[in-house]
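Spelled out, the chains give:
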Amino acid sequence: MQTPIRGLRSFCFAAKSLSFKHAAKELYLTPSAVSHQIKQLEEQLGIDLFQRQTRSISLTPAGKNFFEAIYPIINMLESTITEFSQLQQNVNLTITLPEFFASELLMPKLSEWTSEHPNINLHMDTLKTRKELTRQSDLSIILSSSKPLDGLATELFNLEYIPACNKKLLEQWQNDHCQALNQVPLIVHKARPWAWHQWAEKVGIDDFSPAQIIQIDSMFGVARAAQQGMGIALIPLPISQSWLDEQWLYKLFEQPLTTKDKYYLVQHGSSTANHPLDLFAKWVINTFRQTK
């Protein structure tokens, strides 16, 4: 006997609601289609499952017994199908990270991850400042001067800042770099307003008297302003290395300002081996962590 599953499902829905019309609505079928499937089932079983009146239906004794026997089986079958279909659905991971880290480091490498894990969706929220950071994510990449206490934190690398400008300014001040610092606008991220003075003190420039300091609230904006010739910027390394490699910016001085700023990977959710969160975290660590 080849009994279609759809006929058994139609019977169960109709038996529960005692309505072909209601069963049809639940199954996205027409009432006549439901009635036809149940009629075929009755012919295969050789019994009447429903007593049909003009405006209502009711289960026959045989129909009631059949429903009690078949409903648990159909219910278990649907649960099993749902469970296995969910296993095949994509998993979502939410990540928060600084926009400059995302654009300069993560995006150029991310295709390596996505091609190997097509069933994992990444939802990324990029942040301009540390104050924007929220805990509503599975994983965060954080720039901090101390190790984060929330979640499982792994140090990736520390930052140092280097003065850089575009080629035109480099050539214009190639004979007197120090004097350029007092005449050309100096650009810095607003989170580190005293970074230029700290750099000058470390380098030993005694006559450091900048004519103008411009603060910008995003590191991409800092680098972009220097590239456009607005002035000399303190850019972070190694995260800005591509700007130097592509000759969008040039080092004006070789001496860096080393700080306590470090990038950390923080896992907020619990994970187990081979869990998508654990897999992505390990990839980030292996790809971006610098050995000491």
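First, a word on what this report is: a plain description of the structure on this page. A quick note: this is a predicted structure, and the numbers were derived from the prediction, not measured.

## Structural notes on the overall build of the protein chain
Secondary structure assignment for the protein chain yields 11 helices and 11 strands. Against the globule reference of 19 Å for 292 residues, the protein chain gives a C-alpha radius of gyration of 33 Å, more extended than a compact globule. Referenced to the eigenvectors of the C-alpha coordinate spread, the extents of the protein chain come out at roughly 105 × 35 × 30 Å. Per-residue burial for the protein chain yields a buried fraction of 41% across its 292 residues. Of the roughly 16800 Å² that the protein chain leaves accessible, carbon and sulfur atoms contribute 50%. Positive and negative charge centroids in the protein chain, built from 27 and 28 side chains respectively, lie 7 Å apart.

## Brief notes about a nonpolar patch on the surface
A cluster of nonpolar side chains, Ile5, Leu77 and Ile81, forms an exposed patch at the surface whose accessible area comes to about 250 Å². If you trace the backbone, isoleucine 81 turns up in helix H4 (residues 61–88).

## Things to note about the pattern of salt bridges
Opposite charge on two side chains allows them to pair when their charged atoms are near. Scanning the entire structure with this criterion turns up six salt bridges. Between lysine 262 and glutamate 155 there is a salt bridge, and its shortest N-O distance comes to 3.6 Å. You can see lysine 262 sitting in strand S11 (residues 257–267) and its partner glutamate 155 sitting in strand S6 (residues 152–165), a full 107 residues away along the chain. For glutamate 155, a relative accessible area of 22% translates into the label partly exposed. The shortest N-O distance in the salt bridge between lysine 282 and aspartate 278 comes to 3.4 Å. Linking lysine 282 with aspartate 278, this pair stays in helix H11 (residues 276–288), spanning four residues, or about one helical turn. Using a relative accessible area of 47% as the deciding quantity, one classes lysine 282 as partly exposed.

## Some remarks on the packing of aromatic side chains
Per the counting criterion, the structure on display carries 18 aromatic pairs. Ring pairing ties together the aromatic residues Phe101, Trp113, Phe157, Tyr263, Phe280, Trp283 and Phe288, which thus form one cluster.

## Digging into the pairing of S6
Most of S6 is tucked away: 10 of the 14 residues are buried. Here S6 pairs with S11 via eight bridges, running antiparallel. Within S11, the residue paired with leucine 152 across the bridge is glutamine 267. Across five bridges, S6 lies against strand S9 (residues 232–237) in antiparallel orientation. Bridge pairing links glutamate 160 to leucine 237 in S9. Taken together, the two bridges between S6 and strand S10 (residues 250–251) define a ladder with antiparallel strand orientation. Each residue of the ladder has a partner; that of alanine 164, found in S10, is lysine 251.

## Considering unusual backbone geometry
Cis rather than trans, the peptide bond between leucine 237 and proline 238 has omega equal to 10 degrees. With respect to the helices and strands, proline 238 occurs in the loop between S9 and helix H10 (241–245). The phi torsion at leucine 18 lies on the positive side, around 50 degrees, for a residue other than glycine. If you trace the backbone, leucine 18 turns up in the loop between helix H1 (5–17) and helix H2 (20–27). The phi dihedral of tyrosine 28 falls on the positive side, at around 60 degrees, and the residue is not glycine. With respect to the helices and strands, the residue tyrosine 28 is situated in the loop between H2 and helix H3 (31–45).

So, how was this worked out
- Residues numbered from 1 in each chain as written.
- Predicted model: local features only at pLDDT ≥ 70, side-chain atom pairs only at ≥ 80, totals over all residues.
- Heavy atoms only, no water.
- Helix = DSSP H or I, 4+ residues; strand = E, 2+ residues; numbered from the N terminus.
- Rg over C-alpha atoms; globule rule 2.2 N^0.38 Å.
- Buried < 20%, exposed > 50% of the residue type's maximum accessible area, 1.4 Å probe, protein only.
- Areas by Shrake-Rupley, 256 points an atom, 1.4 Å probe, with all protein chains shown as cover.
- Lys, Arg positive; Asp, Glu negative; His and termini not counted.
- Charge placed at Lys NZ, Arg CZ, Asp CG, Glu CD.
- Patch = residues over 30% accessible without salt bridge, like charges linked within 9 Å, V, L, I, M, F, W, Y side chains within 5 Å.
- Salt bridge = Lys/Arg side-chain N within 4 Å of Asp/Glu carboxyl O.
- Phe/Tyr/Trp six-rings, centres within 6.5 Å; stacked < 30°, edge-to-face > 60°.
- Pairing = 2+ DSSP bridges.

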